[in-house]
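# Architecture at a glance
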Amino acid sequence: MLKENTPKEALPFGKPNKPIDLFGFIRRSGLLILVTGSFLFALSVPFVLLLSKPNYEVRALMRIDPVIPSVITTTEDPSIISYYSDYANTQAKRLLGFDVLKKAVEKLTPEQKASIFPADLPPDTCAEILQHLVKVNPVWDTHLLEITISGPKKTGLAPLVNNIMTVYLEKLRTSSQMQDNERLVFLRNNKEALSNEIAIITEKLDILTKDIATADFAETYNMASKKADELQQITINAFFERVSAQNQFRETEENNRQLGKLSLEPMVEEMVMGDQSLDFTSSWTYQQQQELRSTTDGLTASNPDRIYVEQRMKAMSDYEKKLRNEVRSTAKKIVYGKRDYEQSRELAIARNKAEKAQKNEEELLEELAKAKDESVRISLGLHLGEALKATLKHKRDLLDQIDTRMHELELEGKAPLHIAIESQAREPDAPAGSNTKKLLLIFFGVSFGLVGVVFIGFEYFDNRIRRPDEVKQALGYPPAKVVPKAEKEPPFHHIVNLEPEAPAARIIQSLAVRLVHEKESRNAKVILFSGVERQAGTSSLCLISARALASLVPKVLLIEAANNAPPLSGLTGHDTAPEGLVELLRSGKPPEEAIVKATAAAMPDILYRGVAPYRDLPQQGIAALIGQLSQNYDLILIDAPPVLESSLTEHFALHSDIVALITLGDSTMYRDLRSAAELLVRLEVPAIMPILNWTNTVKASAIDRLLENQPAFLEKIRTGKLEELLQQLPSRKQLHDVARNVTSRFKSRR
């Protein structure tokens, strides 16, 4: 498949690591693993017979009671029915504890220990060994645990098992008692602490009771609060009285101010009119004046008598007026003085009432504040007393519970355990069997496991491309063509001409048709052939493809840019031209002078490498050379060195339309293929055409040939052709190379 390369990032497709081909591994190595493992297992059978010994086995039973008789306490449920299976499995594991086994070994006599273990073996090591020898399993559909141990000698096995059960029961009893003792110590400490706390709280309550004068810590007994409520009501009334008195005082002041503006002259005149002395004097004066006026009748104005009389009458009138003024003045003083007195009196009374009401309110407010403070203090004391009382009750309840629990623990320490010995182990009378089966299984597993690990390790660290799917997994798309293996005759580079019906020839012809199609549809004229590694068959494929293309298009040019040994001329049968690609790039001459024209129909023109060395090869003229040749030829094929080893290949790739990336089956590394494709992607080549080549078998190792020819290998074993077989086996140097290859692959994978 031809894939366009548009993304610029490094290989955004495919898998970075080669996946394991399980079915391919079984197909390649399964039969050989089976034969080799069987051969090793057959060699180990005599050792099994030599190592086999009689086996004695002893058994003992322990009973697990799901329900035990309950003591007077109900704080802990003595039943384990709901988790009986987990409990039984736990006891089976704990029976094999290191401490239990060590104490059981220490209780054995020297003779009993010597029959099971070496006499000088320490108990710690014996306990570690017993963890693998002793088996403890629950018996199905029973409440029993079966303890078994087997050994080559029957002496000491039964005492060992009995010691294990006895030591374990002692451990359980001791653990239970220690657990109860720890609980009792904890509870005694808590009891003492609670007693001290209760004494402290009681003392605080006594002090608080004396302070707030009540032992009932309820708000009902807060007398200061009641006093404060009463004072609050009285203060409200005093507030109303003060406000009323002050308003009355202000009203009196306002009345006096307004009344002071009023005139009292009418009242003064009323008093003057009602004065009897003034009325008598006015009447007497009027009478006397009338009498005196009568005496002046007929007298002239200048008459002395008349003048005298008139003077007396005037004097009497003046006296009357004077008296009237005096009476008026006195009445005015009385009326105004009376008014001032009344106003001052009323104002003084109102002022005194207001001041009295204000003073009463201030005194009540002061008393109310004191009562409230006292009420708050007593309320806080009540709350504190209530909290202390509740805490005291809680502490006493805890103390009662601790006393009860201590009594229960003392009784529970005497309760029976869930596990007990059902039957003791007895010394066996006869062997129960031998260890032959176990040894056979062990040697069978070792034989096949060793061979399997070797082959699996080789497969895991083998990073070579073995199938087309691995090319797809590496690049994200399958190879464009898979070139199969060809027969030795005719030579591969002549297969298209000499044997066109061969599978490899048909693949090459199909590849040529595909390249012609790409040329016609996308104008892809320059095709670069480059291998991922050396000896990948790149030159042969390039030459065959050029010959196949020469039969499809008129003008095809093959450029030899690879420094091959032997050169391309060795495949074509031509002598090396005096001037080739190297001389052409160095001299700048026209390319026609160095191109070897085809001597027969359906053959390509060839631009050989030349005879000059590759050192200091000028690459400035490559672009111009490719451009000039593209105008003269329909297709140009370039045989280039491996892309990972030569910058010249990268330069040619920049001016190529298609890069045919040659992968050699069973040789090219998966990571190298990924690296080569990544390099081409970074160069932004227009298209990459991967080709999987199986024709070059020179690089296949002796182990690979052995794995591929398993039927022939087995036939040689059957017919006894050992010399020929040994010749096919890898030599020491080849095995060393394989080991070094595996080591390098392991490091690369890490």
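Once that is clear, we can look at the overall build of the chain. Across its full length, the chain carries 24 helices and 13 strands. For the chain, buried positions account for 40% of its 750 residues. For the chain, contacts bridging at least 24 residues in sequence account for 82% of all contacts bridging at least 6. Put simply, the chain shows about 42,700 Å² of open surface, and 56% of that area lies on carbon and sulfur atoms.

Attention shifts here to the pattern of salt bridges. Counted by the stated rule, this structure contains 17 salt bridges. Between Asp397 and Lys393 there is a salt bridge whose closest N-O contact spans 3.2 Å. In this pair, Asp397 and Lys393 are both assigned in helix α10 (residues 304-412), four residues apart and thus about one turn of the helix distant. Here Asp397 falls in the partly exposed class, since its relative accessible area comes to 33%. Note that Glu470 is salt-bridged to Arg467, the shortest N-O span being 3.5 Å. Assigned by exposure class, Glu470 and Arg467 land together as buried. A network of salt bridges, in which partner residues are shared, links Glu57, Arg59 and Glu146.

Looking at the chain as a whole, the pLDDT averages 77, with 79% of positions reaching at least 70. Under a pLDDT of 50 for its full length, residues 1-9 has, in the predicted model, 29 contacts with residues more than four places off or in other chains. Predicted confidence for residues 745-750 stays below pLDDT 50, and this span has 13 contacts to residues more than four positions away or in other chains.

We now examine a nonpolar patch on the surface. On the surface, Phe39, Leu40, Leu43, Leu450 and Val454 cluster together into a nonpolar patch covering about 480 Å² of accessible area. Elements represented by at least two residues in the nonpolar patch include exactly α1 (22-51) and α11 (436-461). In this structure, Val454 sits in helix α11.

So, on to the side chain of Ser630. One can find Ser630 in helix α18 (residues 622-632). In terms of polar contacts, Ser630 uses its side chain to reach the backbone carbonyl oxygen of Ile626, at 2.7 Å. Once residues lying within four places of it in the same chain are set aside, the contact partners of Ser630 are Lys525, Val526 and Ile636.

On to the packing of helix α3 (residues 98-106) against helix α5 (residues 123-133), then. At a minimum axis separation of 8 Å, α3 and α5 run at an interaxial angle of 120 degrees. When the axes of α3 and α5 are compared, the pair comes out oblique. As for how α3 packs across α5, the hand of that crossing is right-handed. Across the interface between the two elements, Phe98, Leu101, Lys102, Val105 and Glu106 from α3 touch Pro123, Asp124, Cys126, Ala127, Glu128, Leu130 and Gln131 from α5. Residue composition of the contact of α3 with α5, by class: seven nonpolar, one polar and four charged.

Bringing the pairing of strand β9 (residues 556-560) into the picture now. Buried residues dominate β9, accounting for five of its five residues. Taken together, the five bridges between β9 and strand β11 (residues 635-639) define a ladder with parallel strand orientation. Residue pairing across strands places Glu560 opposite Asp639, the latter belonging to β11. Where β9 lies against strand β10 (residues 605-607), three bridges are found, and the strand directions are parallel. What sits directly across from Leu557, in β10, is Asp605.

So, about the packing of aromatic side chains. In this structure the tally under the stated criterion is two aromatic pairs. Between Phe239 and Phe240 the ring centres are 5.9 Å apart and the planes differ by 50 degrees, which places this aromatic pair in the tilted class. Relative accessible area serves as the criterion here: at 35%, Phe239 is assigned to the partly exposed category. When the ring of Phe444 is compared with that of Phe448, the centres are 4.6 Å apart and the planes differ by 45 degrees; the resulting orientation is tilted. One end of the pair is Phe444 and the other is Phe448, both in helix α11 and four residues apart, which spans about a single turn. Residue classification places Phe444 among the partly exposed positions, given a relative accessible area of 40%. Of the residues examined, Phe448 reaches a relative accessible area of 19% and is grouped as buried.

It is worth spelling out the packing of helix α12 (residues 468-475) against helix α20 (residues 670-682) at this point. The axes of two packed helices give the description: the angle between them and the distance between them. At a closest axis distance of 9 Å, the pairing of α12 and α20 adopts a crossing angle of 45 degrees. With respect to each other, α12 and α20 are oriented oblique. For the pair α12 and α20, the sense of crossing is right-handed. Facing α12, whose interface residues are Glu470, Val471, Gln473, Ala474 and Leu475, α20 presents Tyr670, Leu673, Arg674 and Ala677. A breakdown of the residues in the contact of α12 with α20 according to their chemical character gives six nonpolar, one polar and two charged.

To continue, consider the pairing of strand β3 (residues 135-138). Here β3 pairs with strand β4 (residues 144-151) via four bridges, running antiparallel. Across the sheet, the residue bridging to Val136 is Ile147, located in β4. Connecting the antiparallel pair β3 and β4 is a turn made up of five residues, with Asp141 showing a positive phi of about 60 degrees.

Cut-off values and rules
Residues numbered from 1 in each chain as written. Predicted model: local features only at pLDDT ≥ 70, side-chain atom pairs only at ≥ 80, totals over all residues. Heavy atoms only, no water. Helix = DSSP H or I, 4+ residues; strand = E, 2+ residues; numbered from the N terminus. Buried < 20%, exposed > 50% of the residue type's maximum accessible area, 1.4 Å probe, protein only. Contact = heavy atoms within 4.5 Å. Areas by Shrake-Rupley, 256 points an atom, 1.4 Å probe, with all protein chains shown as cover. Salt bridge = Lys/Arg side-chain N within 4 Å of Asp/Glu carboxyl O. pLDDT = per-residue confidence, 0-100. Patch = residues over 30% accessible without salt bridge, like charges linked within 9 Å, V, L, I, M, F, W, Y side chains within 5 Å. Polar contact = N/O pair within 3.5 Å; in protein donor to acceptor, adjacent residues only side chain to side chain. Axes fitted to C-alpha atoms, helices over the stretch in contact; angles between N-to-C directions. Parallel < 35°, antiparallel > 145°, perpendicular 65-115°, else oblique. Left-handed = near helix turned anticlockwise from the far one by under 90°. Nonpolar A, V, L, I, M, F, W, Y, C, P; charged D, E, K, R; others polar. Pairing = 2+ DSSP bridges. Phe/Tyr/Trp six-rings, centres within 6.5 Å; stacked < 30°, edge-to-face > 60°.

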